2 protein chains.
Amino acid sequence: MRYLIKFSYDGTNFNGYQKQPSCRCVESELENALYHINDHKPTKVVGAGRTDRGVHAICQSAHFDITVDISLYKLKCALNSLLPPDIHVFAVQTVDASFHARYMVKSKIYRYILNCGEYNPLERNYVYQYCRSLDVEKMKIAIQDFVGIHDFKNFASAETVKDNYVREIFNVSIEEDDNKLIFTFVGTGFLKYQVRNMVGTLVKIGNGKLGVDCIQKIFSEDSLRKHVMTIKSEGLYLVDIQY
Amino acid sequence: MRYLIKFSYDGTNFNGYQKQPSCRCVESELENALYHINDHKPTKVVGAGRTDRGVHAICQSAHFDITVDISLYKLKCALNSLLPPDIHVFAVQTVDASFHARYMVKSKIYRYILNCGEYNPLERNYVYQYCRSLDVEKMKIAIQDFVGIHDFKNFASAETVKDNYVREIFNVSIEEDDNKLIFTFVGTGFLKYQVRNMVGTLVKIGNGKLGVDCIQKIFSEDSLRKHVMTIKSEGLYLVDIQY
């Protein structure tokens, strides 16, 4: 039986979503829990995508196959009782055996939260404490340049080697909430560091280090990727996966 | 020169505000920072009051005397550069030598936040994850019984030995925000565990374990203090100190 789960996690104490040797990561916590539920059989969990170290998830998705007979309610309870307190499964459903949590993603929503006001120790792991003012109007104009189908190579991690860096962004926004800026990106998918690099570039536009038209220039001119700044991970949230 | 500082802290990794041997606490962090600023002289910090292990502060206050000549701006910067990331001083002012951060408190505001909805791993250290529904209307009636001048002995920690347990509560409220309940108490001062015990008792009223009239009974009948429940510390915030 194939199951789709939706879960949230606090990325602060994880070395990212993806399994890595001798690191605390979300994927291994899920697989450890399922090993116990699925009659001590190793159980592969296929996530909708990776998140980096320190990045949070409000709604991440994954699928897995288990052979034990268990109700959805009991599976949810069993998972949450075996998972650590910084991961929580909030929805469990059965899906067709052809369902695939990564290949069938239609869109993903990411959010980045940045504080332009006084440093807040209570939010230091959940909101990037930039603590300076930014020209939000300029950033709101510039962010629109990310919308559409683009080759995002110059906004991806320099280490990323892919056949294809083309992605589509459907929707972007910057909302202001007191001294906080909330950036939202909806797209087909995002390359490693892409959201953090897009926000970092917007911050450099907002503080005057880059011009409001620089995004189009960076898309078309590889030598300009050096201007792209990777902003810290703690303000980044995977908000939803849409199938 | 006497200074009054206002500061916030994330109580998660502190063993409370007050200095204790071989424990991480807020008071010692402040005194360590001031030792360096004040020419390596031991500098006593007098806080407006204590908070327990795990309790947060949005605005705590303290006074201290230092002999070095330093501007308010530089003192704030020096403190924040020497303090750990979970404490932040957001205001510094000079005060009269007769000012006392504890004796001159007119009122304190405490807030408790409780989640009745799905467990949220991202807020586990900042909002108590109760995750069941409560009869809020009953709690809103009952909480009014805390308003006024009362002997709060039966709502204080059983270990607390004081000459006087009489305190005045000026104002109380319960606000609903999605699935969260936000309890606010404004009063002259609060005994150890008093806010957690008042909220714990309200939760037992909301879940039907205690009657809506039990608060008056507990005030007047010592044998009933066994019904008082101390709720977890992670949802509790010292919100403000008024002089």
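Structure: see above.
None of these values were measured; they are calculated from a predicted model.

Peer 1: Mind showing me how you'd approach helix H4 (residues 194-206) of chain B here?
Peer 2: Each full turn of the α-helix corresponds to 3.6 residues, which orients residues three or four apart in the same direction. If you check H4(B), its first and last C-alpha atoms are 18 Å apart, about what 13 residues at 1.5 Å a residue would give, namely 18 Å. Most of H4(B) is tucked away, with 13 of its 13 residues classed as buried.

Peer 1: Please clarify how the packing of aromatic side chains should be interpreted in this entry.
Peer 2: The geometry of an aromatic ring pair comes down to the distance between the two centres and the angle between the two planes. Counted according to the given criterion, the structure contains 29 aromatic pairs over all chains. When the ring of Phe146(B) is compared with that of Phe185(B), the centres are 6.4 Å apart and the planes differ by 70°; the resulting orientation is edge-to-face. Remark: Phe185(B) occurs in strand S9 (residues 180-187) and Phe146(B) occurs in the loop between helix H3 (136-143) and strand S7 (148-151); sequence separation between them is 39 residues. Accessibility expressed as a relative area gives 0% for Phe146(B), which makes it buried. Among the aromatic side chains, those forming a connected cluster through ring pairs are Phe146(A), Phe152(A), Phe155(A), Phe185(A) and Phe219(A). Between Arg132(A) and the ring centre of Tyr130(A), over which it is positioned, the NZ or CZ distance is 4.2 Å. Geometry around Tyr193(A) places Arg196(A) over its ring, the cationic atom sitting 4.8 Å from the centre.

Peer 1: What exactly am I supposed to notice about the interface of chain B and chain A here?
Peer 2: The interface is formed by 21 residues belonging to chain B together with 21 residues belonging to chain A. Here chain B and chain A share an interface that buries about 1600 Å² over both sides, 56% of which is from carbon and sulfur atoms. It is Glu118(B), Leu122(B) and Arg124(B) that lose the most area in chain B upon contact with chain A, and together they represent 37% of the buried surface on that side. Applying the counting criterion to the chain B and chain A interface returns 4 salt bridges. Of the charged contacts, one joins Arg124(B) and Asp10(A) as a salt bridge, the two residues approaching to 2.7 Å between their closest N and O atoms.

Peer 1: Help me understand the packing of helix H1 (residues 26-37) of chain B against helix H2 (residues 72-82) of chain B in this model?
Peer 2: Residue and element names in this part refer to chain B. Orientation of H1 relative to H2, taken along the N-to-C sense of each, is 125°, at an axis distance of 9 Å. With respect to each other, H1 and H2 are oriented oblique. H2 is crossed by H1, and the crossing has right-handed handedness. Residues Ala33, Leu34, His36 and Ile37 of H1 pack against Leu75, Ala78, Leu79 and Leu82 of H2. When grouped by side-chain class, the residues that make up the contact of H1 with H2 number 7 nonpolar, 1 polar and no charged.

Peer 1: Help me understand the pairing of strand S3 (residues 56-65) of chain A, please; the structure alone is not making it clear to me.
Peer 2: Walk down a regular strand and you will see the side chains alternate between the two sheet faces. Residue and element names in this part refer to chain A. Counting buried positions over the 10 residues of S3 gives 8, a clear majority of the element. Of the strand pairs in this sheet, strand S2 (residues 46-47) and S3 are connected by 2 bridges, and their pairing is antiparallel. If you follow glycine 47 over to S3, its bridge partner there is alanine 62.

Peer 1: Help me understand the relation of the copies chain B and chain A in this model?
Peer 2: Note on the chain copies: they are related by a rotation about an axis and a translation along it. Aligned on chain A, chain B shows an RMSD of 0.0 Å; the corresponding rotation is 180° and the shift along the axis is 0.0 Å. Both copies are brought into coincidence by an operation consistent with a two-fold rotation axis. Of the C-alpha atoms belonging to chain B, the one lying closest to the rotation axis is found on Glu123(B), 5.1 Å away. Same-surface contact between copies: 100% of interface residues of chain B are shared with the interface of chain A.

Peer 1: What exactly am I supposed to notice about the environment of Met139(B) here?
Peer 2: All names here are of chain B. Its place among the elements puts methionine 139 in helix H3. The spatial distance from the C-alpha of methionine 139 to the C-alpha of tyrosine 237 is 20 Å, given a sequence separation of 98 residues. Not counting residues up to four positions away in its chain, the partners in contact with methionine 139 are Leu134, Ile174, Leu181, Phe183, Leu202, Val203 and Gly206.

Peer 1: Would you mind showing me how to read the layout of surface pockets here?
Peer 2: The space that makes up the largest pocket amounts to roughly 1400 Å³. Taken together, 37 residues make up the lining of the largest pocket; nearest its centre are Glu123(A), Lys180(A), Glu123(B), Val127(B) and Lys180(B). Elements with a contribution of two residues or more to the lining of the largest pocket: strand S4 (87-95), strand S5 (107-115) and strand S9 (180-187) of chain A together with strand S5 (107-115) and S9 of chain B. Element by element, the count of residues in the lining of the largest pocket is highest for S5(B), at 3 residues.

Peer 1: Honestly, the pairing of strand S1 (residues 2-9) of chain A in this entry has me stumped. Any pointers?
Peer 2: All names here are of chain A. The buried fraction of S1 is high, at 7 of 8 residues. Pairing geometry for S1 and S4, over 8 bridges, is antiparallel. Directly across from phenylalanine 7, in S4, lies its bridge partner valine 89. In terms of strand pairing, S1 meets S3 through 7 bridges, oriented antiparallel. If you follow leucine 4 over to S3, its bridge partner there is histidine 63.

Rules of the game
- Numbering of residues starts from 1 in each chain and follows the order in which that chain's sequence is written.
- Each chain takes a letter, starting from A, and each ligand takes a number, starting from 1, following the order in which they are written.
- For a predicted model such as this one, the threshold for reporting local features is a pLDDT of at least 70, and the threshold for listing and counting side-chain atom pairs is 80 or more; totals across whole chains, interfaces and linings nevertheless cover every residue.
- Based on all heavy atoms of the structure, the side-chain values leave hydrogens and waters out of the count.
- Starting at the N terminus, helices and strands are each numbered in turn, a helix being any DSSP run of H or I of at least four residues and a strand any DSSP run of E of at least two.
- To estimate how far a helix should extend, the number of its residues minus one is multiplied by 1.5 Å.
- The rule is simple: take the accessible area with a 1.4 Å probe, protein chains only, and divide by the maximum for that residue type; under 20% is buried, over 50% is exposed, in between is partly exposed.
- Aromatic pairs are defined between Phe, Tyr and Trp rings, using the six-membered ring for Trp, whenever the two ring centres lie within 6.5 Å; interplanar angles under 30 degrees are classed as stacked, those over 60 as edge-to-face, and all others as tilted.
- The criterion for a charge sitting over a ring is simple: Lys NZ or Arg CZ within 6 Å of the ring centre, and within 35 degrees of the ring normal.
- Any two residues whose heavy atoms approach within 4.5 Å at even a single point are treated as in contact.
- By definition, the buried area sums, over both parts, the 1.4 Å-probe accessible area that each loses when the two are put together.
- The term salt bridge refers to a pairing of a side-chain nitrogen on Lys or Arg with a carboxyl oxygen on Asp or Glu at a separation within 4 Å.
- Here an angle of 0 to 180 degrees is reported between the N-to-C directions of two axes, which are lines fitted to C-alpha atoms, with helices fitted over the stretch in contact.
- Convention used here: angles under 35 degrees read as roughly parallel, angles over 145 as roughly antiparallel, angles from 65 to 115 as roughly perpendicular, and any remaining angle as oblique.
- Two helices that cross are described as forming a left-handed crossing if the nearer one is turned anticlockwise from the farther one by less than a right angle, and a right-handed crossing if clockwise.
- Charged means Asp, Glu, Lys or Arg here, nonpolar means Ala, Val, Leu, Ile, Met, Phe, Trp, Tyr, Cys or Pro, and polar covers whatever is left, Gly included.
- At least two DSSP bridges between two strands are needed for those strands to be called paired.
- The copies were overlaid by least squares, fitting only the C-alpha atoms of residues that reach a pLDDT of 70 or more in each copy.
- The rule is simple: put a 1 Å grid over the protein atoms alone, call a set of points where a 1.4 Å probe fits but cannot get out a cavity, call an open set with protein on both sides within 12 Å along at least five of seven lines a pocket, and count a residue as lining if it has an atom within 4 Å of a point.
- Grid points are joined across faces, edges and corners, and a volume is the space filled by probe spheres set on the points.

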